[in-house]
Amino acid sequence: MELRILILAVVFLSTATNAHNITRILAKHPDFSTFNHYLTTTHLAAEINRRRTITVCAVDNAAMNDLLAKHYSLYTIKNILSLHIFADYFGAKKLHQITKGSTTTSSLFQATGEAAGTSGYVNITDMKGGKVGFSPVDSDSDQPMATYVKSVEEMPYNISVIQISNILTSPEAEAPTAGPTDLNLTSLLAKQGCEAFSDLITAQNAEDTFAQSVEEGLTIFCPSDQTLKSFMPRYKNLTADGKTSLLLYHGVPVYNSLGMLRSSNGLMNTLATDGANKFDFTVQNDGEDVKLQTKVVTATIRGTLIDEDPLAVYKIDKVLLPRELFKAAPAAPGPKSARSRAREEADAPGPAADDEAPADEDSSNDGGRIFGGGGILALSVSLILGLLV
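For clarity, every value in this text was computed on a predicted model and none was experimentally measured. (Residues numbered from 1 in each chain as written. Predicted model: local features only at pLDDT ≥ 70, side-chain atom pairs only at ≥ 80, totals over all residues. Heavy atoms only, no water.)

Q: When you look at the overall build of the chain in this model, what are you seeing that I'm missing?
A: Within the chain, the regular secondary structure consists of 17 helices and 14 strands. Every one of the 389 residues in the chain was classed for burial, and the buried ones make up 38%. The long-range share in the chain, meaning contacts at least 24 apart out of those at least 6 apart in sequence, stands at 62%. For the chain, the exposed area adds up to about 22,200 Å²; of that, 53% sits on carbon and sulfur atoms. (Helix = DSSP H or I, 4+ residues; strand = E, 2+ residues; numbered from the N terminus. Buried < 20%, exposed > 50% of the residue type's maximum accessible area, 1.4 Å probe, protein only. Contact = heavy atoms within 4.5 Å. Areas by Shrake-Rupley, 256 points an atom, 1.4 Å probe, with all protein chains shown as cover.)

If you want it as structure tokens, here you go:
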């Protein structure tokens, strides 16, 4: 027992040691509040927290203001900030002891496949006077090199947060990037096998609600065309508001990769959630499957159609039915417990006891009954013999 407790304690401490949260780390340093905000807005914070070995090159609010003054789209800002996140650990000591004085490391911009060719790699150089310089491999030579300022927080070989002097620049990262709101969402859904669902969204004029939610993150659960076809008779019986609510019920105003869904079981609000009208459902793992449980039906994710942060679309095998619009199916009677079966057996009538024997049956305890069935037969035989004699 003591050994088991010790093992659990070691596992717990190991998990706690490996866990990090970049938002909480930077929240302790007001000078990085703008950088911290945009890590969250671009969903890079979640990617940083997910990785076990990472280095974050933070810049102060003044440097972020210089970046924001260029009026890049949010998606271009995401690419630029991705350059500031290295898929390796570089603490202060390692930065000043770089072998041969220079090394090249991969940034998150390269690791996620967003960058072309060698773009997304960053050169780190240990320079004279104890300075360390950072320069993307495709940056313009006339751009000032960012330099190491200080260590903000280090969790050795897990996460290192350092401050650098200015924003890392890269033509590839700064190239204009079309955001999902620039796309025709319903057309995109139709091309990915959700044509029937897309047509219903258009018919109910709900496409704007979905499209406007993409920028902040959106997850859509799309019933297959065949599933919707069999559901249409019930759909047509809904009011116009009911139809709109049902469609919005299939959207969650947060980006969720499949891995995030597997690791964040529990209640989820939807685009249809409105105060007392909860319109929520529960995400629950079932082995490798991810199930969506309403009070009326349970659907299973059958495939990933789109997974490009901030938009994810999954195909499901059933229409999600909210309890606000549909009645829950009656619960099937569960198996009886052993105690219930024993109680029923005890209450059931057993075989008749001797003193409960019916009046037309013989009994060994007749106590004064003169004639049973056998006595009548014996008397009849005696009378016949007497007459014959």
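Following the structure, the description resumes.
Q: Explanation requested: the sheet that holds strand 10 (residues 266–268) in the structure shown.
A: By way of backbone hydrogen bonds, the strands of a sheet pair with one another, either parallel or antiparallel. The strand order across the open sheet formed by 7 strands is 9-8-14-13-12-11-10, and the pairing between neighbours is mixed. Of all the strands in the sheet, the pair left with one neighbour each is strand 9 (251–252) and strand 10. Where strand 8 (residues 218–223) meets strand 14 (residues 311–316), 6 bridges bridge the pair, whose relative direction is parallel. Residue Phe221 lies in a different strand from strand 14, and its bridge partner there is Tyr314. Sitting on the sheet, helix 12 (residues 207–214) touches strand 8, strand 9 and strand 14, and the angle it makes with strand 8 is about 140°. (Pairing = 2+ DSSP bridges. Axes fitted to C-alpha atoms, helices over the stretch in contact; angles between N-to-C directions.)

Q: Even after reading the chapter, I still don't get the layout of surface pockets, so can you show me in this structure?
A: What the second largest pocket holds in volume is close to 200 Å³. As for the second largest pocket, its lining consists of Ala63, Asp66, Leu67, Lys70, Ile80, Gln143, Pro144, Ser165, Asn166, Ile167, Thr169 and Glu174. The element contributing the most residues to the lining of the second largest pocket is helix 5 (residues 61–68), with 3 residues. Residues of the lining of the second largest pocket, tallied by class, amount to 5 nonpolar, 4 polar and 3 charged. (1 Å grid on protein atoms, 1.4 Å probe; cavity = no way out; pocket = protein on both sides within 12 Å on 5 of 7 lines; lining within 4 Å. Points joined across faces, edges and corners; volume = space filled by probe spheres on them. Nonpolar A, V, L, I, M, F, W, Y, C, P; charged D, E, K, R; others polar.)

Q: I keep staring at unusual backbone geometry and nothing clicks. Help me out?
A: Backbone phi values are negative for most residues with the exception of glycine, while trans is the configuration of most peptide bonds. Here Asn205, not a glycine, exhibits a phi torsion of approximately 55°, which is positive. Following the sequence through the fold, Asn205 ends up in the loop between helix 11 (195–203) and helix 12.

Q: Explanation requested: the side chain of His84 in the structure shown.
A: Along the polypeptide, His84 turns up in the loop between helix 6 (74–82) and strand 2 (85–86). Residue His84 is classed as buried on the basis of its relative accessible area, which comes to 0%. Among the polar contacts made by the side chain of His84, one reaches the main-chain amide nitrogen of Leu168 at a distance of 3.0 Å. Residues contacting His84, with those up to four places away along its chain left out, are Thr55, Val56, Cys57, Val59, Ile164, Asn166, Ile167 and Leu168. (Polar contact = N/O pair within 3.5 Å; in protein donor to acceptor, adjacent residues only side chain to side chain.)

Q: Just checking my understanding: could you explain the environment of Thr42 for this structure?
A: The topology assignment puts Thr42 in the loop between helix 3 (33–41) and helix 4 (44–50). Separated by 35 residues in the primary sequence, Thr42 and Ile77 place their C-alpha atoms 8.1 Å from one another. Apart from the residues lying within four places of it in its own chain, the contact partners of Thr42 are Leu74, Lys78 and Asp309. Engagement of the side chain of Thr42 in a polar contact is seen with the backbone oxygen of Tyr38, the distance being 2.6 Å. Polar contacts involving the side chain of Thr42 include one to the main-chain carbonyl oxygen of Leu39, which spans 3.4 Å.

Q: What is the right way to look at empty space enclosed by the protein in this model?
A: Unfilled space is identified by rolling a water-sized probe across the atoms. This model, assessed by the stated rule, comprises 3 cavities of 30 Å³ or more. Space inside the largest cavity adds up to approximately 60 Å³. Forming the boundary of the largest cavity are Phe134, Ser135, Pro136, Ser139, Gln143, Pro144, Met145, Ala146, Asn166, Ile167, Leu168 and Thr169. Residue contributions to the lining of the largest cavity peak at 3 residues, all from strand 5 (residues 132–136). Here the lining of the largest cavity is built from residues that sort into 7 nonpolar, 5 polar and no charged.

Q: Mind showing me how you'd approach the side chain of Ser198 here?
A: Tracing the backbone shows Ser198 in helix 11. Judged by relative accessible area, which is 3%, Ser198 ranks as buried. With residues near it in sequence (within four places) discarded, Ser198 still touches Thr186, Ser187, Leu189 and Ala190.

Purely geometric stuff here, so don't read any function into it on its own.
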